[in-house]
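Examination of the molecular architecture
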Amino acid sequence: MSDSTTHLYAQNGDPAFPKIVLPGIPNLAQIDVYESNGGYGALKKAVGMQPEAVTDEVKRSGLRGRGGAAFPTGLKWTFMPKGNEKPKYLAVNADESEPGSFKDRQILEFNPHQLIEGILIASYAMGVKTAYIYIRGEYYKWFRILETAIAEAYAHGFVGENILGSNYSVNVYVHRGAGAYICGEESGLMESIEGKRGYPRVKPPFPAQNGLWGNPTTINNVETIANVPAIIWNGAEWFAKIGAQKHPGTLLFGVSGHVNKPGVFELPSGTLLTDIIYNYAGGVPGNKKIKMVIPGGSSMPPLRGDQLEGVRMDAESLKVVGSAIGTGGVIVMDEDTELTNVLLRIARFYWHESCGQCTPCREGTGWMKKILQRMSDGEGKPEDLDLLVRVANNIEGNTICALGDAAAWPVKFTIQRFRKELEEEIMRQAKSAA
Ligand SMILES: Cc1cc2nc3c(=O)[nH]c(=O)nc-3n(C[C@H](O)[C@H](O)[C@H](O)COP(=O)(O)O)c2cc1C
């Protein structure tokens with residue numbers, strides 16, 4: 001095992017630039033390479049601790065979920081009942097279907113063993129004996145990588161019966177979805193694993209009480225779980241010091257749209273958005289101005305390009321400026337972007353992906369798409385913006401799952417923040433169609 005300064009869980013040891021989940025070590029997806037860099041060391045440490053102490057370490061680290069809602073991970077684990085009256089499950093969410101989100105697949109491709117190690121530690125902490133990784137159907141290449149990595153982990157005695165000579169056993173399975181965004185919603189995901197249509201469930205009861213097959217279940221995102229080995233290895237205090245105090249650690253920022261170097265960048269939470277766009281993603285082609293940025297995947301409220309100065313990328317800072325961290329997927333749009341087309345594209349996605357279970361979402365997403373299509377065809381009127389807001393308001397908060405909000409927010413907040421630009425576009429499109 002390498003020493004702590006080069007250990008893969010804290011590559012280069014510099015708290016300003018830690019690479020926790022993507023340490024960039026060549027061939028790390030191979031178990032021998034992973035182990036020779038210290039991999040599975042945290043699992044060995046964890047099984048020597050009391051399960052409650054493992055959960056407590058994660059709780060004290062301040063780790064928050066990376067799947068969209070930034071919910072405190074350790075706290076979520078404590079919702080799982082103690083005792084073994086019923087089987088308990090962990091479902092790792094690798095559905096990654098939100099437009100603008102493509103960060104989890106980097107972990108699946110370049111560091112799958114750290115995810116598996118995290119799953120084993122989390123399972124140990126919660127008394128889980130069966131863990132699933134739910135992966136979107138289109139991620140076939142990544143499914144194969146995971147299958148290989150899991151087979152290696154079984155062969156090395158990390159997964160299966162009595163792991164590392166302990167009396168703790170856990171099996172890990174990969175479950176492929178069929179390519180539906182709704183199956184990323186945690187209860188839709190569980191329905192899908194159970195072999196049913198991915199219809200979200202009414203909550204409460206929450207998954208920790210009534211999850212897979214009616215049993216206690218925890219659902220966590222890939223990036224969330226991949227952070228766990230580093231926390232156990234280095235301790236909660238180490239992790240808590242990285243990045244923003246209330247949302248610590250690194251985040252994977254997937255940057256797309258009008259930037260010179262789109263990609264995934266692992267940076268401390270709280271990094272300036274302008275730093276991410278201009279320094280890491282290479283700025284905007286042709287040095288154009290930015291019109292709009294969606295900071296956390298397509299469902300999050302957008303920010304105006306002229307209000308990006310000083311915006312920090314963590315859950316609390318983004319709340320202050322009226323948006324949210326979501327999946328950390330930063331979508332950059334330059335000054336020439338037609339916002340009506342952007343909204344139409346987004347609305348079409350949510351209309352297509354609505355499961356149809358709740359009337360406001362099923363009907364409302366269709367109406368938003370129709371109105372935006374009309375604008376794009378040059379038949380829109382400025383009053384249509386008010387109509388869109390009314391439809392969005394009728395969806396928001398009125399559905400079983402948050403897909404309704406995800407569909408309503410981009411429309412509602414883009415209109416709120418770009419009304420003048422949208423009115424001008426509608427008039428321009430109407431003129432050119434005349
Ligand atoms: C429509 C919809 C789609 C979602 N898709 C994903 C997804 O692809 N991956 C993910 O981790 N979370 C997704 N979520 C959030 C999950 O429901 C859940 O909160 C998350 O997986 C919990 O993990 P975390 O606590 O580690 O963030 C989605 C939520 C909604 C409403």
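Treat the numbers as computed from the prediction; the structure is a model and nothing was measured.

Examining the overall build of the protein
The helix and strand tally for the protein stands at 17 helices and 9 strands. Compactness check: the protein gives a C-alpha radius of gyration of 22 Å against a globular reference of 22 Å for 434 residues, within 12% of the reference. Principal-axis analysis of the C-alpha atoms gives the protein an extent of 75 × 45 × 35 Å. When the 434 residues of the protein are sorted by exposure, 58% land in the buried category. Across the protein, every contact between residues at least 6 apart in sequence was considered, and the portion connecting residues at least 24 apart equals 70%. In the structure as shown, the protein presents an accessible area of about 17400 Å², 52% of it carried by carbon and sulfur atoms.

Section: the sheet that holds strand 7 (residues 290-294)
Strand order in the open sheet formed by 5 strands is 6-5-9-7-8, and the pairing between neighbours is mixed. Of all the strands in the sheet, just strand 6 (263-268) and strand 8 (303-304) have a single pairing partner and so form its edges. Pairing of strand 5 (residues 250-257) with strand 6 involves 6 bridges; the strand directions are antiparallel. In the strand pairing of strand 6, Gly254 is matched with Val264.

Let's talk about the side chain of Lys88
If you trace the backbone, Lys88 turns up in the loop between helix 4 (73-78) and strand 1 (89-94). Within the buried core, Lys88 has no salt-bridge partner, and the shortest N-O distance to an opposite charge, that of Glu85, equals 7.3 Å. Within the local environment of Lys88, its side chain forms a polar contact with the backbone oxygen of Pro81, the two atoms lying 2.9 Å apart. In contact with Lys88, not counting residues within four places along its chain, are Met80, Pro81, Lys82, Gly83, Met126, Gly127, Val128, Lys129, Thr130 and Pro216.

Brief notes about the environment of Pro200
With respect to the secondary-structure elements, Pro200 resides in the loop between helix 8 (186-193) and strand 4 (217-221). Expressed as a C-alpha distance, the spacing of Pro200 and Phe239, which sit 39 residues apart in the sequence, is 34 Å. Sequence-distant contacts of Pro200, that is, excluding residues within four places in its chain, are made with Ile182, Glu185, Ser187, Gly188, Cys355, Gln357, Ile400 and Cys401.

Quick word on the packing of aromatic side chains
The geometry of an aromatic ring pair is captured by two quantities: the separation of the ring centres and the angle between the planes. One pass over the structure, following the stated rule, counts 16 aromatic pairs. Seen in terms of ring centroids, Tyr139 and Trp142 are 4.9 Å apart; in terms of plane orientation they differ by 50 degrees. Their pairing is tilted. Take Tyr139 and Trp142: they sit in the same class, and that class is buried. A ring pair is formed by Tyr140 and Phe143, whose centres lie 5.8 Å apart and whose planes are at 40 degrees; its orientation type is tilted. With a gap of 3 residues between them, Tyr140 and Phe143 both fall in helix 7 (residues 140-155), about one helical turn apart. We classify Phe143 as buried; its relative accessible area is 13%. Through a chain of ring-to-ring contacts, the aromatic side chains of Tyr89, Tyr132, Tyr173 and Trp213 assemble into a single cluster. For Arg176, the ring lying beneath its charged end belongs to Phe143, and the centroid distance is 5.2 Å. The side chain of Lys370 reaches across the aromatic face of Trp367, ending 4.3 Å from its centre.

Some words on the domain arrangement of the protein
Domain boundaries assigned for the protein yield domain 1 (8-240), domain 2 (250-334) and domain 3 (339-433). Look at where the C-alpha atoms of domain 1 and domain 3 centre, and you get two points 36 Å apart. Facing the 13 residues of domain 1 at the interface are 9 residues of domain 3. Taking both partners together, domain 1 and domain 3 bury about 900 Å²; carbon and sulfur atoms supply 70% of that area. Counting every contact that joins domain 1 to domain 3 gives 2 residue pairs in polar contact (both at pLDDT 80 or more). Grouping the amino acids of the side of domain 1 that touches domain 3 by side-chain chemistry returns 7 nonpolar, 2 polar and 4 charged.

About the thresholds
Going along each chain's sequence as written, the residues are numbered from 1 onward. Residue-level local features of this predicted model are given only where pLDDT is at least 70; pairs of side-chain atoms are given and counted only at 80 or more, and the full residue set underlies all totals for whole chains, interfaces and linings. Just so you know, side-chain values use all the structure's heavy atoms and leave hydrogens and water out. Every helix listed is a DSSP run of H or I at least four residues long, and every strand listed is a run of E at least two residues long, numbered separately from the N terminus. Each radius of gyration is computed over the set of C-alpha atoms, and the globule rule expresses the reference value as 2.2 Å times the number of residues to the power 0.38. Type-normalised accessible area, obtained with a 1.4 Å probe on protein chains alone, sets the label of each residue: buried when under 20%, exposed when over 50%, and partly exposed for intermediate values. Residues are treated as being in contact if the distance between any of their heavy atoms lies within 4.5 Å. Note on areas: Shrake-Rupley, 1.4 Å probe, and residue coverage restricted to the protein chains presented here. Strand pairing is assigned whenever DSSP detects at least two bridges linking the two strands. All tallies of charge rest on Lys and Arg as positive and Asp and Glu as negative; His and the ends of each chain are not included. Put simply, a salt bridge is a Lys or Arg side-chain nitrogen that is within 4 Å of an Asp or Glu carboxyl oxygen. Between N or O atoms, a polar contact is any pair within 3.5 Å; within protein, one atom must be a potential hydrogen donor and the other a potential acceptor, and residues adjacent in sequence are included only when both atoms are from side chains. Pairing of aromatic side chains requires ring centres within 6.5 Å, counting the rings of Phe and Tyr and the six-membered ring of Trp. Pairs whose planes differ by under 30 degrees are stacked, by over 60 edge-to-face, and all others tilted. Either the NZ atom of lysine or the CZ atom of arginine qualifies as a charge over a ring when it sits within 6 Å of the ring centre and within 35 degrees of the ring normal. Domain borders in the structure are assigned automatically or taken from a domain database. We define buried area as the total accessible area lost by two parts upon association, computed with a 1.4 Å probe and summed across both. Only Asp, Glu, Lys and Arg are considered charged in this grouping, and only Ala, Val, Leu, Ile, Met, Phe, Trp, Tyr, Cys and Pro are considered nonpolar; every other residue, Gly among them, is considered polar.

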